[in-house]
Structures are given as structure tokens and as C-alpha cells.
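# Residue-level structure breakdown
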Amino acid sequence: IVGDWNGDGVCTAGFYNPTEGRFCLDNDNNFAGNNSDVNFEFGPKEEGYIPVAGDWNGDGTDTIGLYYPATGAFFLTNTNNTGATADLIFNFGPTNSALKPVVGDWNGGGINTVGLYDAENGIFYLKRSFVSVHDELIFAFGPVGGNWLPITGDWNGDQVDTIGLYNPVTGEFYLRNSNAPGEADAVVKLGSSEADWVPLSGEFAINEQ
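Along each chain, numbering runs from 1 in the same order as the chain's sequence is written. At least 70 in pLDDT is required for a residue's local features to be given in this predicted model, at least 80 for side-chain atom pairs to be given and counted, and no such filter applies to totals for whole chains, interfaces and linings, which use all residues. As a convention, hydrogens and water are excluded, and side-chain values are obtained from all of the structure's heavy atoms.

## Looking at the overall build of the protein chain
Secondary structure elements follow DSSP: runs of H or I of four or more residues count as helices, runs of E of two or more count as strands, with numbering from the N terminus. Counting its secondary structure elements, the protein chain contains 0 helices and 16 strands. Using C-alpha atoms as the atom set, the radius of gyration is obtained and then compared with a globule rule of 2.2 Å times the number of residues to the power 0.38. Radius of gyration (C-alpha) of the protein chain: 16 Å, near the 17 Å computed for a compact globule of 209 residues. Expressed as lengths along the three principal axes of its C-alpha atoms, the size of the protein chain is roughly 45 × 40 × 35 Å. Partly exposed describes any residue whose relative accessible area lies between the buried limit of under 20% and the exposed limit of over 50%, with all areas from a 1.4 Å probe on protein chains only and scaled to the type maximum. Counting across all 209 residues of the protein chain, residues that qualify as buried make up 42%. Any pair of residues with heavy atoms lying within 4.5 Å of one another is described as a contacting pair. The contacts of the protein chain with a sequence gap of at least 6 include a subset with a gap of at least 24, amounting to 39%. Split by element, the accessible area of the protein chain, about 10,400 Å² in all, is 50% carbon and sulfur. Asp and Glu are treated as the negative residues and Lys and Arg as the positive ones, with His and the ends of the chain left uncounted. The atom standing in for a charge is NZ when the residue is Lys, CZ when it is Arg, CG when it is Asp and CD when it is Glu. Treating the 7 positive side-chain charges of the protein chain as one cloud and the 28 negative ones as another, the clouds have centres 7 Å apart. Each accessible area value is a Shrake-Rupley result obtained with a 1.4 Å probe; residue values ignore everything except the protein chains displayed when judging cover.

So, in C-alpha cells, the structure goes:
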């Protein structure tokens, strides 16, 4: 996972170990000696939970969460430390699904919310508010029934996160500058064409412009 764990404006890496229910977060992208800057347990110690990260309360610091496909539930916390409990618990989407969770600031309000990507039908479901139950964006993007992976980020610097897809067969990213159906605004090839690579996005350096 990727996030700005200390609020310095730079995103850094993290790992989640489901068998221990443990998050290991680094503040400088330097896991020297496999040591992390922040190390804590959150949630149950079992397989099936998917880690997510975002700024759930708008304080400028990213924190972690878990998505459980079996029940369609999200568990999000506003603190990255031992003893952290879920500050937000809610269901979004169907149970026992293969939908993949995504995170972003879909309206530029400074708070990250969640979404789901349905690869079988090529549809994104983005939750724009933690308060309003039915404030959602639903639209199609990309192929139907493929193995492409979802990715989100602010690709054009307008302070709004939008969606994208990564094709692991070709190593290409297809990025969209609006959360609406249409063609990709940018196609970027990065790295090798490896089927087991996982896409990540973040602001890894401070933009001085």
C-alpha cells in the first residue's frame, strides 16, 4: 500500500501481513534491514481482508483500513498506531464478490472515500461521501471480463482523484482525468510485462511548481 503516513506531502510505502493482522509503514521509502517506521496490528488475523489507505478525515495524513469482500464491509481508522480501532465501519457493494476496492478524493474536498471496481463488467462504483448513503458515481471504463487492475490518483493536478486501469500483460496504464465513461486521457507503459506485478500510485516527491 502507499500513503502519506506523516503528513509531509510525500507518499511512501507500506505492507500488510494478513496472517498477523499487521501493518508496517515506512516514512522514507527505505526499508533498511526490513525495519519500518510504524508497525502495528489492526483487524483480525486471517486471510481475506484487503488493505486500503487514505485520508479519511481530511487532516492531511493518510491512515489505513481494511475491506472484507465476504461481507462487503469497510473498516477505516484515523490513526496509525497500536490499539487503533475502526472509526468508520460500513457496508458498500455486494457480499462474497470479486470486486476490488479503490480509494480517492472524488470531489476535491480533501477527504478520501472508497469505491469498487467490477472487472467482470468493467464498471467503477465510487462512494463520494461517508455521510450520504446514495451519493455515488457509477460508470464504465475499460474492457469487460478482463484481468486489468484498478488504480486511482490525481493525474492532472486538479486536486481531484480519478480512475485508471493497469494491463499486466502489456505493462500499460490507461488513465482517465474524469470519473466518467470515455477513452483514456493518457496511456503510459512502465516496467516489464509481468502478469504478477501490482500497480501503485502516489505523490512520491514534492512538486515545487
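## Description of the sheet that holds strand β2 (residues 12-17)
On the basis of which strands lie adjacent, the open sheet formed by 4 strands has the order β1-β2-β3-β4 and antiparallel pairing. Each edge of the open sheet is held by one strand with a lone partner, namely β1 (2-3) and β4 (38-41). What makes two strands pair is DSSP finding at least two bridges between them.

## Thoughts on the packing of aromatic side chains
For any pair of aromatic rings, geometry is given as the distance between the ring centres together with the angle between the planes. Stacked, edge-to-face and tilted are the three classes for Phe, Tyr and Trp ring pairs, Trp counted by its six-membered ring, which pair at centre distances within 6.5 Å; planes under 30 degrees apart are stacked, over 60 edge-to-face, the rest tilted. Throughout the structure, instances matching the rule amount to 12 aromatic pairs. A ring pair is formed by Tyr49 and Phe75, whose centres lie 6.4 Å apart and whose planes are at 55 degrees; its orientation type is tilted. Taken as a pair, Tyr49 in the loop between β4 and β5 (50-54) and Phe75 in strand β7 (residues 73-76) lie far apart in primary sequence, 26 residues in all. On the accessibility criterion, Tyr49 (14% relative accessible area) is buried.

## Things to note about the pattern of salt bridges
Each salt bridge in this description consists of a side-chain nitrogen of Lys or Arg and a carboxyl oxygen of Asp or Glu lying within 4 Å of one another. Evaluated as defined, the whole model comprises 4 salt bridges. For Arg22, the salt bridge identified is with Glu20, shortest N-O distance 3.4 Å. Among the ionic pairs, Glu41 bridges to Arg22, the shortest N-O distance being 2.9 Å. With Glu41 in strand β4 and Arg22 in strand β3 (residues 22-25), the pair connects residues that are 19 residues apart, well separated along the chain. What emerges from the salt-bridge pattern is a single network uniting Glu20, Arg22, Glu41 and Lys45.

## Brief notes about the side chain of Asn80
You can see Asn80 is positioned in the loop between β7 and β8 (88-91). Look at Asn80 and you get buried, because its relative accessible area is 15%. Under the rule applied, a polar contact is a pair of N or O atoms within 3.5 Å (in protein, one hydrogen donor and one hydrogen acceptor; residues adjacent in sequence only if both atoms are side-chain atoms). Separated by 2.9 Å, the side chain of Asn80 and the backbone oxygen of Asp62 make a polar contact. Reaching out from Asn80, the side chain makes a polar contact with the backbone nitrogen of Ile64 at a distance of 3.4 Å. Filtering out sequence-adjacent residues up to four positions away, Asn80 remains in contact with Trp5, Leu25, Val38, Phe40, Asp62, Thr63 and Ile64.

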